[in-house]
Amino acid sequence: MSAAHAARKAPTFFQTWFRVEVIPIYAVLGVACGGAGWYVTRLARGPDVTWDRKNNPHPWLHIDQETQLKLMTVKEGQNFTKTYSRDRL
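Residues numbered from 1 in each chain as written. Predicted model: local features only at pLDDT ≥ 70, side-chain atom pairs only at ≥ 80, totals over all residues. Heavy atoms only, no water.

Concerning the overall build of the chain
Then, number 1: Across its full length, the chain holds three helices and two strands.
Then, number 2: N-terminal to C-terminal, the α/β element order of the chain is α-α-α-β-β.
Then, number 3: Burial analysis of the chain (89 residues in total) assigns 8% to the buried set.
Then, number 4: Sequence separation of 24 or more characterises 36% of the internal contacts of the chain that already satisfy a separation of 6 or more.
Then, number 5: Carbon and sulfur atoms form 62% of the exposed surface of the chain, whose accessible area is close to 8,300 Å². (Helix = DSSP H or I, 4+ residues; strand = E, 2+ residues; numbered from the N terminus. Buried < 20%, exposed > 50% of the residue type's maximum accessible area, 1.4 Å probe, protein only. Contact = heavy atoms within 4.5 Å. Areas by Shrake-Rupley, 256 points an atom, 1.4 Å probe, with all protein chains shown as cover.)

In structure tokens:
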């Protein structure tokens, strides 16, 4: 064996899993998983989802006319006085 080959070390765990080329992939996957988790929890808290059928069987009946339910408003001039937040299951 030559001296150069004997002096070369095996790559560490950090060098193997966190290479410079892979960092953007990890970042994109992290943002995608975080966004998907946020959106699923947002859908689960919507006014048309019933979690407790005994105490609150129709949660959509407790929403006022001036409440914004959508994620964003597209129409100009359509202003709502409040946004929906789930106060009970």
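What to know about the confidence of the model for the chain
Then, number 1: In this model, the chain carries an average pLDDT of 77, and 83% of its residues clear a pLDDT of 70 or more.
Then, number 2: Here helix α1 (residues 3-7) stands out as the least confident element of the chain, with mean pLDDT 60; helix α3 (residues 23-44) is the most confident, with 92. (pLDDT = per-residue confidence, 0-100.)

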